Each structure stands twice: as structure tokens, then as C-alpha cells.
Amino acid sequence: MQNKLKLLLVEDNESDGALVIRQLEKANYAVQYIRVESRQEIKEALEKEDWDIVISDFSLPQLTAHDSLKVLQESGKDIPFVVVSGTMGEATAVVMMKSGAQDYLMKDNLIRLAPAVGRELADARVRRERNRALLELRESEAKFRAIWENSTDAIGVLFNGIHVFVNPAYVKLYGYDYQEDLFGKSVLNLIAPDERNRIGDYIKLRPVNSTIPSEYETIGLKKDGTTFDVDIKVSFFDYKNEKHTLAIIRDITQRKKIDERLRKELLIRTEAEKRAEESNLVKSSLMMNMSHEVRTPMNAILGFSSLISTESAEEDIRLMAARIKTSGDRLLKTLDDILELAQLQSGSEVLTLVHAELNNEIQGIVKKFRPFADQKKLELKLNTSGKLKACIDLRLFDKAICELLHNAIKFTAKGHVTVDLNIIPFQNRTGVEIRVSDTGIGISKTNHQVIFESFRQVSDGYNRSYEGTGLGLTLSKRIIELLNGELLIDSEIGKGSVFIIRLPVSESQPETDVDSSVNEIYASDEREKTISKKIRKPLILLVEDNEDNIFVTKEFCKNGYVVDAVTNGVDAIQRAREKTYDVILMDINLGLGLDGLQTANEIKKIEKNQKTPIVAMTGFTLKEDRKHILSNGCDYYLGKPFTKNEICGLLESVVHERVSV
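A brief structural summary. Once a new chain begins, its residue numbering starts again from 1 and follows that chain's sequence as written. Per-residue local features are limited, in this predicted model, to residues with pLDDT of at least 70; the limit for side-chain atom pairs, both in listing and counting, is 80 or more; totals at the level of whole chains, interfaces and linings are taken over all residues. Note that water and hydrogens are dropped before the side-chain values are worked out from all heavy atoms of the structure.

### Some remarks on the sheet that holds strand E8 (residues 215–221)
Formally: Here a strand pair is declared whenever DSSP counts at least two bridges between the two strands. Segments assigned H or I by DSSP are reported as helices when at least four residues long, segments assigned E as strands when at least two residues long, and all are numbered from the N terminus. Fitting a line to C-alpha atoms yields each axis, with helices limited to the stretch in contact; the angle taken between N-to-C directions then spans 0 to 180 degrees.
Ordered by their spatial adjacency, five strands build an open sheet running E7-E6-E10-E9-E8, and the pairing between neighbours is antiparallel. Two strands bound the open sheet, and with one partner strand each, they are strand E7 (162–166) and E8. Averaged over all pairs of adjacent strands, the angle between strand axes in this sheet comes to 40°, irrespective of strand direction. By the bridge criterion, 10 bridges tie strand E9 (residues 227–239) to strand E10 (residues 242–251) in an arrangement that is antiparallel. Note on E10: the bridge partner recorded for phenylalanine 237 is histidine 244.

This is how it looks when you write it as C-alpha cells:
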């Protein structure tokens, strides 16, 4: 294969030029060239093209090689310049080399031309790459210096607690005059005496103890002896093959004053207000902890039972595992219903209203319940009239319809369950009516109100006929009322039941738009994602402190992914420094030390994983938990417990563009 060569040939003798071209072609160069003879022609050629090399005769009628070289240098282009002459002496050649020519040779020795050209092209490539790298380095240094010099935060670099570098804000914060005043000074000299033992222990133990906090508050000491409250964030980095500490320090004196003022204001509140507040905090904490403490082990229970029920070679083992999963799903639904009701009763539920096509929403819900109806040999029908829109909270609306459909199928032994969707007049304007009817056992009129009470069923006590918490209808009614609608019942014993939802059709914009920052992914159970055909399996970092959940997650992902697992934030950050991952699965509660959000934010500071998507994989599933998690370091969200299809579907969606196909 020939090497392409773009040659600018400065030569007045056509025959001599042809000899140069022939010599290069003999050396396997495919030469594209033009021959020029004057200063103006050289200048125009340099402006029009990017040449690989300039070969110039030493003496031409209109100019010399000195003149040709000067034109090239004035253009600012880095192009090798080789002189070919029949008359040039050695002294003149030396002058040309000192002036900037890369090489020279005599016309009677053109056998040296091809090696000289090859050498100069290679040297030019190296030279250009070196210059590009130097330019990038200077630009990077300039950006860093601008940040360093102009940052309002005090930034210091320390080695074993001794100042090595500090920025101007650091000098100003502690009341010194010059940066050099702090070089070589121990950071403990800038800490109030009462705090030095504690901070000294932090400095000594942090390299070997991951539980030492990387962010803390203490009392700073200025040059003039005055003290002030500071917040310190520290991290490690390598400099000249030694581990140094980067400290970012902020004066929080004003914040402390505000906190103190708020504390005093809080003290003057009535005891009743405080008790109510404490009660809400306890309730919120209980809800959050219940969600996490039940969902985390349930992830392993449901995950292992799912794996065993599909992969065990023994049928009786598969059946037992399937029963474990069914019971686990029932327990999980009970937890979800209790938490949902508690949130609705507390008034903390914030609606996310959107204009939605009810036809599409209800079609999706009905489709999800068809396997349940088929299992009981019931006909599940859907009747709609036109495209109907309403302003609703999609999650809550779906929850209400699902509860009604679940009850209708559960309490119907034979016949059908029908969902009708129609436009009606409602509250002096246009509305929509959704009717969920069944041919089930029916409900006596004396119990029409009982069924909407929390934890109540028509058959209560030891001999009740159906399983369940009795919360489904309570939840549906509260949700529909929250959406400014109503839920009615028409039912008799032995004649089935009809539950009727009526909602207004709003023409105005929703109060709240869909939160575009909430990237929750719920994978469909209709298909199992796989990327086994990919040349390279995506690399996943799993950060999870529960060994059972590590095991089940690895089992779910083993066919399509390579999974590195760590149990704490410090190890996760170290792995992120060592490898580039396609996605990071991040538990939020990691026990002592860094939590999942702190770990996620530290990983995003690491260049090789700055753009790596981080998926929160957690038992904290309340709505406010999800929003907090997704706005504080995580890009996606997957609640525990999750199925194999859900996590594989999520991973496929997140990493498919990051993996070579």
C-alpha cells in the first residue's frame, strides 16, 4: 500500500522536479504535488492546502531557499523544509539548518531523499503531538489556576497535616497576609485549642480508618487569635507519588447564628405544636424505615424464590419456591397499602398532575390484569368511547383503578369483569365516568360504607372468607377524592358490584408539570432483556452492604453483565478511580460511613466515571425519598424488591448506547 504524500515543490527546473518526484515514487510514496517558482506562488499554495513537506531548490531565478523558508515561517505552519541543491556548500547548508530547515542534500545524491522525507515526516508528527499536548497542558493549568485563584472557598493542599499550597481565599479566611505565611505550618495551628485533639486524631486515623468523616464542623483560629465556626471537607489525591489531602473550608459563623436563632424560635412554640411535629417526624421516620427494613430482605426473599422456581431441576422445589414468592408478593402489597394509606392520611402526598389519555392508561392496567382473570377463567372486557383526557396524578390514578380491578376479579368466581369509560356531565361541567363492574358475590347495602373503612372487609374475624388487609377500597376512595372526584358503589348480594369513579375533565394546564429530572425506570415483565450477543459484556459496579442482595443481583445479571461488588462507599470510590464502568448500581443505606448519595457525588467527581449513569437501588420507596435521591446524585431509580426482568430491563435501557455492539 502506497503512502500518500502532499508535496510543495519549490523548483524552477521541470526536469529536476521530475527527478525528485520519481525518487519518492520509487520509495512507495503516492505523491500529490504542485511546483512553484516564486514567493507569491509559495504563499498562495500554503494558504490553500495543508502540505506534508516542502522541498526547495537552493537557488531559483526569483528567490533562494532562504526566501522560501522565510515565507513558510511567516505562514506559521509547522511543515518540514528540506533543501535540495546542486551547488550549495557545507557552510551554506549549516546556515540553512540554523535558520530552520530540517535537512539538505545534493541533487547528485537523491538516493538520500526518501529516507530524509520519511524521517522528517515522522519527526513532524512527534513534534506536532508534543506541541498539542503542551498546549492542552497549558490550557488545563490556566483553567485550574483561574479556579484556584478566584474560588470563594478556602482551598488548601496538605501533606501529613502540613500546608503545601493554599489559595488566596484560604489566606484571607484565616487573616494572613501572604500564602507563604502558611507554607510549612501545621493545620492544627489554625484550629482552636479545645478542638486540636479531635482534629489531630482525624488526620492521623483517616488514611487507615474509613469511618473517619470526610466532612465535619470545628472551630477555626485566625492569625489575630479570634475563633470562628468552620465546615471542612477533605479528600485524598496523589501528588508526586505521595498521598496528599485537599481541604475545602467555609466560614459557617452566620449559618450557625441563623441556626441558633431558629432554635430559640423553636423553643417558644407551644408544647402542642412540638408534640404534633415530633409525631409527624416519628411517623415519617417509621414509614421510611419500614419501607427500607422490609423491602431490603424482601428483595433477597423474592429474588432467590424467583431464581429457584425457574432454575431448580426438582419440580417440588420449584413449586415450593413459587409459593414462597406468592406469599412474599402478598406481604409486599400489604406493606405498600399501609404506607400509601399513612401518607394519604398525613396529608404529605404532593400531587404531580398531568393531562393524560385515560384510554391508554386504563388499557395498560386491564392488560396487566388479564393473566389474573384468565387464571380464574373470567372474561375481562374494556369498553371506551372516544379519546378522554383528564388532569390526574398518574401513579395515584393507576393505584386506584388497580385496587378496584383486583377486588372485582378476587370476589368473582365466574362470569366477567367489565371496565367502561364514558363522558358524562359532572359538577356542572364535562366529566369522565369509569365503571368497574363484576358478576361476583355482591355486597349488601348495609355494608356499603363499611367496605370503605380502613382494615375492614364484609367478612371479618376468624372466619373471614377472603385474604387481604381491607385497605384497597379505602385507598381508592381517598385517591379519587384527592383528584376532586368521587367513588360510588351499586351492589347487591348475589348480583355483583359496580364501582363508579367520576372525575372532572380539566381544560386548564396541570398545576405541576411532569418532573423531567425523575428518571425512574420500571421494566416490563413481558420481555426479558438480554445483551448476550454483545462482543463486550458491560461492566457494572454494585455498591450494596447486604450480602444476600449482592448474591441475588449477581445471579440476575450473570448472563449479560460483569459485576464488581463492594460493600461500602470508600471501596466504591476507589474502584471508580481504577476502572471505567458502564453503570453503577448504588444502595442508599450503606451502614456506617458514607451513604449512597455521598458516594455517588464523590464518584461523579472522578473524571473516568463522571458520565457513568448511577442507579439508586434502594428500599426507600416513598415519593419524597425518590425525588430526594434523584435530585442528589443518582440518575435513575429502582425500588426494592425488584425482579430479574426489571433490573435487566433497566440495565439494557441505561447502557445500550455505552456498549459496543
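### Overview of the pattern of salt bridges
Cut-off, in case you're wondering: We define a salt bridge as a contact between a side-chain nitrogen of Lys or Arg and a carboxyl oxygen of Asp or Glu at a distance within 4 Å. Partly exposed residues are those whose accessible area sits between 20% and 50% of the maximum for their type, while under 20% is buried and over 50% is exposed, using a 1.4 Å probe and protein chains only.
Summed over the entire model, instances satisfying the criterion amount to 32 salt bridges. Arginine 39 is the partner of aspartate 67 in a salt bridge, and the nearest nitrogen-oxygen pair spans 3.6 Å. One end of the pair, aspartate 67, is in helix H3 (residues 65–75); the other, arginine 39, is in helix H2 (residues 39–48), and 28 residues separate them in sequence. Among the residues examined, aspartate 67 registers a relative accessible area of 23% and is labelled partly exposed. Taking the shortest distance from any N to any O, the salt bridge between glutamate 481 and lysine 477 comes out at 3.4 Å. Here lysine 477 and glutamate 481 lie together in helix H13 (residues 472–482), a separation of four residues that amounts to about one turn.

### Some remarks on the sheet that holds strand E21 (residues 614–618)
The pairing of strands in a sheet happens through backbone hydrogen bonds and is either parallel or antiparallel. Stated formally: The criterion used for residue contact is that any of the two residues' heavy atoms lie within 4.5 Å.
In space, the five strands of this open sheet follow the order E19-E18-E20-E21-E22, with parallel pairing throughout. Two strands lie at the open edges of the sheet, namely strand E19 (562–566) and strand E22 (636–639), each paired on one side alone. The average undirected angle you get between the axes of adjacent strands in this sheet is 20°. Across four bridges, the pairing between strand E18 (residues 539–543) and strand E20 (residues 583–586) is parallel. Note that in E20 the partner of isoleucine 540 across the bridge is valine 583. Together, E18 and E19 form the strand contacts of helix H15 (residues 569–578), whose direction differs from that of E19 by roughly 140°.

### Observations regarding helix H16 (residues 596–603)
Given 3.6 residues per turn, any residue in an α-helix points the same way as the ones three and four places further on. Put simply, the rule reads: Regarding the arc, it is the one traced by the directions from the helix axis to the C-beta atoms. Any N or O atom pair separated by 3.5 Å or less is treated as a polar contact, with the protein-specific requirement of one donor-capable and one acceptor-capable atom, and with residues adjacent in sequence counted only for side-chain atom pairs.
Of the positions making up H16, those classed as buried are Gly596, Leu597, Thr599, Ala600 and Ile603. Buried residues of H16, seen end-on, are gathered within an arc of 160° and therefore sit on one face of the element. Capping the start of H16 is the job of one residue whose side-chain oxygen sits 3.0 Å from the backbone nitrogen of leucine 597: aspartate 595.

### So, the packing of H2 against H3
Keep this limit in mind: Working definition: roughly parallel below 35 degrees, roughly antiparallel above 145 degrees, roughly perpendicular at 65 to 115 degrees, and oblique for all remaining angles. Left-handed is the label given to a crossing in which the near helix is rotated counterclockwise from the far helix by less than a right angle, and right-handed is the label when the rotation is clockwise. Three classes are used: nonpolar for Ala, Val, Leu, Ile, Met, Phe, Trp, Tyr, Cys and Pro, charged for Asp, Glu, Lys and Arg, and polar for all others, with Gly counted as polar.
At a minimum axis separation of 10 Å, H2 and H3 run at an interaxial angle of 30°. Accordingly, the angle class assigned to the pair H2 and H3 is roughly parallel. The way H2 lies across H3 gives a crossing that is right-handed. Facing Arg39, Ile42, Lys43 and Leu46 of H2, the residues of H3 in contact are Asp67, Ser68, Val71, Leu72 and Ser75. When grouped by side-chain class, the residues that make up the contact of H2 with H3 number four nonpolar, two polar and three charged.

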